2 protein chains.
Amino acid sequence: MASGEGKKSKANASGEGKKSKANASGGAKKKEVKRETGLGLTNSKDENFGEWYSEVVVNAELIEYYDISGCYILRPWAMSIWEIMQVFFDAEIKKMNIQNCYFPLFVSPGVLQKEKDHVEGFAPEVAWVTKSGESELEVPIAIRPTSETVMYPYYSKWIRGHRDLPLKLNQWCNVVRWEFSNPTPFIRSREFLWQEGHTAFATKAEADAEVLDILELYRRIYEEFLAIPVVKGRKSEHEKFAGGLYTTSVEAFIPNNGRGIQGATSHCLGQNFAKMFEINFENEKGEKGMVWQNSWAYSTRTIGVMVMVHGDDKGLVLPPKVASYQVIVIPVPYKDADTKGIFDACAATVDTLSKAGIRAKADFRDNYSPGWKYSHWEMKGVPLRIEIGPKDLANSQVRAVRRDNSAKIDIPSAKLVEQVQEMLDNIQQNLFDIAKQKRDASVETVRTWDEFVGALSQRKLILAPWCDEEEVEKDVKARTKGEIGAAKSLCSPFDQPELPEGTICFASGKPAKKWTYWGRSY
Amino acid sequence: MASGEGKKSKANASGEGKKSKANASGGAKKKEVKRETGLGLTNSKDENFGEWYSEVVVNAELIEYYDISGCYILRPWAMSIWEIMQVFFDAEIKKMNIQNCYFPLFVSPGVLQKEKDHVEGFAPEVAWVTKSGESELEVPIAIRPTSETVMYPYYSKWIRGHRDLPLKLNQWCNVVRWEFSNPTPFIRSREFLWQEGHTAFATKAEADAEVLDILELYRRIYEEFLAIPVVKGRKSEHEKFAGGLYTTSVEAFIPNNGRGIQGATSHCLGQNFAKMFEINFENEKGEKGMVWQNSWAYSTRTIGVMVMVHGDDKGLVLPPKVASYQVIVIPVPYKDADTKGIFDACAATVDTLSKAGIRAKADFRDNYSPGWKYSHWEMKGVPLRIEIGPKDLANSQVRAVRRDNSAKIDIPSAKLVEQVQEMLDNIQQNLFDIAKQKRDASVETVRTWDEFVGALSQRKLILAPWCDEEEVEKDVKARTKGEIGAAKSLCSPFDQPELPEGTICFASGKPAKKWTYWGRSY
């Protein structure tokens, strides 16, 4: 099961490792960040991307750093984004007759180790409970890094005949992967929230179909909600889920640092786990069969990708579909102006928008200037700002300012709902379009090793013809490990360009079998 | 923070403790229970209550036992109940401007130990992570048993001035308390799901008011959703939340074994945690103040109380408001009858009910008899069964059978929605009324120690005048520790009967200060 955090590069094992000891002095004060938001960022997205990201997630009040390295506090501004996606996804999978359940956080070692490839993939990062109170446990107990081995012994118990199939369960939960390489809020953390779906079918055809149905939901989360273009494709043998048959994913790209990022994964596990956990059934004819299984997940990583793709030097930029406030209304009183009239107009504006189903809020705080509030809500990424001052009041209009492109427009009060809705739709579309332009501009098609190395050094998303051999991928990794940073395959897109007969693999010179995306990645 | 699992009797420390080692052989097969439901229970609620409960939670497919003792799998039939309550509660607290967030699962030892009474209350049950992969951690890290100490260092950071108040956060999460006394599904488990709210106010008055607002939501969950009567009241000093100022709770009662059970708790923490974690603010006048805090929680324990109160020898009985299927529709074809007509009528019935917002499903399986299906859905507790046979088809009617009292009624198809809705309302009310009758019949008012001991041996819910002294409560516990099982105070109800001057404490002979409920409890 991997959500983006499925398999990870082992390249950087030093990272923040040394800080892994818990700060025992109540480290809330450890990393003092600027408490007041809206006062701008000290880093620039283009110049110091990593620092910019660390700053924006804190200043936009998405994240608070925690006193245990690699763990982060998700503040309400982040949780509301998560909840909006959750409502969508949960309703969609319920339509597919997938039911929610909850399996324990803990795994006994015997079960965890049952599928060999799987445990090899996860063992180095498993956190172990060995004590309760002052007592040593007789046997250490693992914390789930993912729940295949937690769940499948019970699938074996519950599934007996073909009428018990398909079995389709999902859970919303936390998982723990105690890794030491470069913890990054949302993107790579030791604990994260996700959903994990685990399904079992009588036939491979049903499993194959579901893999793609779920992948389409993940595409919709990224493209329709987060306004981020993704490529649907299949992972290489080397990059697939440990213990599975094949892995599909949606892959996003961060133009600023030229890294690919696995957005979410939908795996067909084949019958590997079924064999290990003895998940058998009797078919219509009374013959013994073995189930075909899938597992699939997306995580809070989605939010991090959104921050990286859309954010700017003024802070976060939220796509309207996931913004807990889509519109912030700010009174702009001047001396001698009708302050009460302005405040009433703001309240009425929020009321009108709310009744139309638009998430709006007024900022009536009297200890901040309008200018401070503009910066504050820009930092937090609210898609549309409405300003109401004396002139607006006099003209029965409001002034709307877009977060994405700073465009200003005066809206007659009579057309408020209609025009605000239109602007929000435009913002959603514009964010996607711009992200797609940038992503597309980063794609470079190469055919030779030299072109490949050149594109990699320019931080491109590289599309190359490949022989699809695992040894060649390992070799590419090894050969690019130096200064330019190791490259790996991201996915082979389902939407394949034409591959003329006689096309040669960029890395091995053997006949190419498919086009594959390559690059450095998270 | 306690949800019912707040403070626990330390009386029985042997319990299932010895089984605490993980079963390393993939113990799903360890405890083979009858897989097919609907075949009746082997234990009777009145004769073997404990065994009956263990059997019904499994046979109704709420729970599967897990290979780590004290951990349980929540199956979809249980999760759907949890989700229905969650939708209600989450919407209500959002109306109160309480926001959701997510803090880490892990706590560093220094922070955990900051509030002394608090850590004493929880330390014996804290699970410790000491290893990741093959490496020892430099400092062991605790798993949250509750999140006061996880959160409050950040409250200290985020709260500076009166404008930052109130701060009102909630999270839906899992917590871990590694206890060894009598694990029981839903009621007492090593990991459970709950919500925990944590709020901070400028004044005690605001904190006091919120404590009761939240307690009222907990009452509504029990009384309006789960159809279980509860007493609202205040816990004694001895039974209050470790580290808090005072604890309020809703208390339920299980007539079959005469045990009280803490349903959910809403604590005023006073300023104790604020002092330890330095949660200070500057008020309007520029003076330094310290916040007043609350914490409050309810957990999956709610579901266990529901099973215990309403279940019977045919299985689970679900109140319609929390039933994922409120109506199960079963075709009853006879040979030579119009089978297709009957099946179509069933499908049409489900369709009509669903469109009216009633959660209905038809059981069209062809490998089970109608009689088997009746038992199956009775075991699962579906409130209303609709049978459609040839006679019903001929008469344009359906037959409805109530789960709670087996009453049968023929409903003309034309009045389907109206009468089904009415029956569901009646069932909801009837379950509450019967539970209340049984609870009320268990209450015994006593005035002397002899009466108290007599009532305790009869498994009563005892209302007694009490001097409200902690030493006296400890003494009551000590004196009842023998055969009859230690008694403790459950709560002093807000709704106090008259206490005439000169009334004497049942236990100490000192002047009584209040009426308090006593009994054995979970």
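Refer to the preceding data block for the structure.
Okay, so let's go over this structure. (Residues numbered from 1 in each chain as written. Chains lettered and ligands numbered in written order. Predicted model: local features only at pLDDT ≥ 70, side-chain atom pairs only at ≥ 80, totals over all residues. Heavy atoms only, no water.)

1. Here's the deal with the pairing of strand E6 (residues 135-143) of chain A
Residues and elements named next belong to chain A.
Logical step 1: In this sheet, E6 lies alongside strand E4 (residues 106-107) in antiparallel orientation, the contact comprising two bridges. The residue bridging Phe106 from the neighbouring strand is Ile143, located in E6.
Logical step 2: Relative to E6, strand E5 (residues 127-132) is paired through four bridges, and the arrangement is antiparallel. For Ser132, the partnering residue across the bridge sits in E6 and is Ser135.
Logical step 3: Between E5 and the antiparallel strand that follows it, E6, lie two residues; Gly133 among them carries a positive phi value of about 55°. (Pairing = 2+ DSSP bridges. Helix = DSSP H or I, 4+ residues; strand = E, 2+ residues; numbered from the N terminus.)

2. As for the nonpolar core
Logical step 1: Core analysis: the biggest nonpolar cluster contains 84 residues, and A:Phe106, A:Tyr155, B:Phe106 and B:Tyr155 have the highest contact counts within it.
Logical step 2: Apart from residues lying up to four places away in sequence, B:Tyr155 is in contact with B:Phe103, B:Leu167, B:Leu169, B:His198, B:Ala200, B:Ile279 and B:Gln293.
Logical step 3: Grouped together as the second largest cluster of nonpolar side chains are 72 residues, A:Val175, A:Ala297, B:Phe225 and B:Val305 included. (Core = buried A, V, L, I, M, F, W, Y, C linked by side-chain atoms within 4.5 Å. Buried < 20%, exposed > 50% of the residue type's maximum accessible area, 1.4 Å probe, protein only. Contact = heavy atoms within 4.5 Å.)

3. Looking at the pairing of strand E22 (residues 488-493) of chain A
All names here are of chain A.
Logical step 1: By the criterion of burial, E22 is predominantly enclosed, with six of the six residues buried.
Logical step 2: Where strand E9 (residues 231-234) and E22 come together, two bridges link them in antiparallel fashion. Residue pairing across strands places Arg234 opposite Ser492, the latter belonging to E22.
Logical step 3: Sheet analysis places E22 next to strand E23 (residues 514-521), joined by three bridges and oriented antiparallel. Across the sheet, Lys488 pairs through a bridge with Gly519, a residue of E23.

4. Observations concerning the packing of helix H9 (residues 339-355) of chain B against helix H12 (residues 416-442) of chain B
All names here are of chain B.
Logical step 1: Relative to each other, H9 and H12 sit at 70°, their axes nearing to 10 Å. Judged on the interaxial angle alone, H12 and H9 are roughly perpendicular. The two elements H9 and H12 meet at a crossing, and its hand is right-handed. For the pair H9 and H12, the contacting residues are Thr349, Thr352 and Leu353 in the first and Leu416, Val417 and Val420 in the second.
Logical step 2: The residue inventory of the contact of H9 with H12, partitioned by class, reads four nonpolar, two polar and no charged. (Axes fitted to C-alpha atoms, helices over the stretch in contact; angles between N-to-C directions. Parallel < 35°, antiparallel > 145°, perpendicular 65-115°, else oblique. Left-handed = near helix turned anticlockwise from the far one by under 90°. Nonpolar A, V, L, I, M, F, W, Y, C, P; charged D, E, K, R; others polar.)

5. A word on the interface of chain B and chain A
Logical step 1: Contact with chain B, which involves 73 residues of that partner, is made by 73 residues of chain A.
Logical step 2: Linking chain B to chain A there are six salt bridges.
Logical step 3: B:Arg163 is paired through a salt bridge with A:Asp366; the nearest N and O atoms lie 2.9 Å apart.
Logical step 4: Inspection of the region where chain B meets chain A yields 34 residue pairs in polar contact (both at pLDDT 80 or more).
Logical step 5: For the side of chain B that touches chain A, the residue count by class is 41 nonpolar, 12 polar and 20 charged.
Logical step 6: Relative to strand E5 (residues 127-132) of chain B, E5(A) runs antiparallel, the two being bridged by five bridges. Looking at the pairing, A:Val129 lines up with B:Val129 of E5(B). (Salt bridge = Lys/Arg side-chain N within 4 Å of Asp/Glu carboxyl O. Polar contact = N/O pair within 3.5 Å; in protein donor to acceptor, adjacent residues only side chain to side chain.)

6. As for the pattern of salt bridges
Logical step 1: Under the definition given, this model contains 68 salt bridges over all chains.
Logical step 2: The shortest N-O distance in the salt bridge between B:Lys355 and B:Asp351 comes to 2.9 Å. Of this pair, B:Lys355 and B:Asp351 both sit in helix H9, four residues apart, which is roughly one turn of that helix.
Logical step 3: A salt bridge links B:Arg385 to B:Glu387, with the nearest nitrogen and oxygen atoms 3.0 Å apart. Each member of the pair B:Arg385 and B:Glu387 is classed as buried.
Logical step 4: Through salt bridges with shared partners, one network takes in A:Glu216, A:Arg219, A:Arg220, A:Glu223, A:Glu224 and A:Lys232.

7. Describing helix H6 (residues 204-225) of chain A
Residue and element names in this part refer to chain A.
Logical step 1: Spanning 22 residues, H6 covers 31 Å between terminal C-alpha atoms, matching the ideal 32 Å at 1.5 Å per step.
Logical step 2: All buried positions along H6 are accounted for by Ala207, Glu210, Val211, Ile214, Leu215, Leu217, Tyr218, Arg219, Ile221, Tyr222, Glu223 and Phe225.
Logical step 3: Of the residues flanking the end of H6, it is Ala227, one or two places downstream, whose phi is positive at about 60°. (Expected span 1.5 Å × (residues − 1).)

8. Quick notes on the sheet that holds strand E17 (residues 384-388) of chain B
Residue and element names in this part refer to chain B.
Logical step 1: The strand order E16-E15-E17-E18-E19 describes an open sheet built from five strands, whose pairing is mixed. Each edge of the sheet is formed by a strand with only one pairing partner; in this case those strands are strand E16 (360-362) and strand E19 (408-412). Averaged over all pairs of adjacent strands, the angle between their axes in this sheet comes to 25°, without regard to strand direction.
Logical step 2: The pairing of strand E18 (residues 397-402) with E19 spans five bridges and is classified as antiparallel. Looking at E19, one finds that Val398 is bridged to Ile411.
Logical step 3: With respect to the sheet, H9 is in contact with strand E15 (327-331), E16, E17 and E18, its orientation differing from that of E15 by roughly 165°.
Logical step 4: Running over the sheet, H12 touches E15, E17, E18 and E19 and is turned about 150° from E19.

9. With respect to the sheet that holds strand E19 (residues 408-412) of chain A
All names here are of chain A.
Logical step 1: The sheet built from five strands is open, its strands ordered E16-E15-E17-E18-E19 with mixed pairing. The sheet terminates laterally at strand E16 (360-362) and E19, the two strands that pair on one side only. Strand-to-strand, the axes of this sheet are offset by a mean angle of 25°, without reference to chain direction.
Logical step 2: Running at roughly 170° to strand E15 (residues 327-331), helix H10 (residues 370-379) makes contact with E15 and strand E17 (384-388) of the sheet.

10. Topic: the environment of A:Gln421
Residues and elements named next belong to chain A.
Logical step 1: Positionally, Gln421 belongs in helix H12 (residues 416-442).
Logical step 2: Take Gln421: its relative accessible area is 31%, and that puts it in the partly exposed class.
Logical step 3: Separated by 64 residues in sequence, Gln421 and Gly357 have C-alpha atoms that sit 9.6 Å apart.

11. Some points on helix H8 (residues 301-310) of chain A
Logical step 1: Across the 10 residues that make up H8(A), a large majority, 10, are buried.
Logical step 2: Restricting attention to buried positions, one finds in H8(A) the residues A:Arg301, A:Thr302, A:Ile303, A:Gly304, A:Val305, A:Met306, A:Val307, A:Met308, A:Val309 and A:His310.

12. Side note on the packing of aromatic side chains
Logical step 1: By the definition in use, this model includes 66 aromatic pairs over all chains.
Logical step 2: Arranged with centres 6.2 Å apart and planes meeting at 10°, the rings of A:Trp449 and A:Phe506 form a pair that is stacked. Residue A:Trp449 is located in helix H13 (residues 449-457), and its partner A:Phe506 is located in the loop between E22 and E23; the two are separated by 57 residues in the primary sequence.
Logical step 3: Residue classification places A:Trp449 among the buried positions, given a relative accessible area of 18%.
Logical step 4: Here the aromatic rings of B:Phe89 and B:Trp296 are separated by 6.2 Å at their centres, their planes lie at 65°, and the arrangement is edge-to-face. Residue B:Phe89 is located in helix H2 (residues 76-95), and its partner B:Trp296 is located in strand E14 (residues 292-299); the two are separated by 207 residues in the primary sequence. Just as B:Phe89 is buried, B:Trp296 falls in that class too.
Logical step 5: Counting every residue linked through ring pairs, the aromatic cluster contains A:Tyr66, B:Phe103, B:Tyr152, B:Tyr154, B:Tyr155, B:Trp158, B:Phe273 and B:Phe277.
Logical step 6: The side chain of B:Lys321 reaches across the aromatic face of B:Phe225, ending 4.5 Å from its centre.
Logical step 7: Seen from the ring of B:Trp449, B:Arg479 lies directly overhead, with NZ or CZ sitting 3.7 Å from the centre. (Phe/Tyr/Trp six-rings, centres within 6.5 Å; stacked < 30°, edge-to-face > 60°. Lys NZ or Arg CZ within 6 Å of the ring centre and 35° of its normal.)

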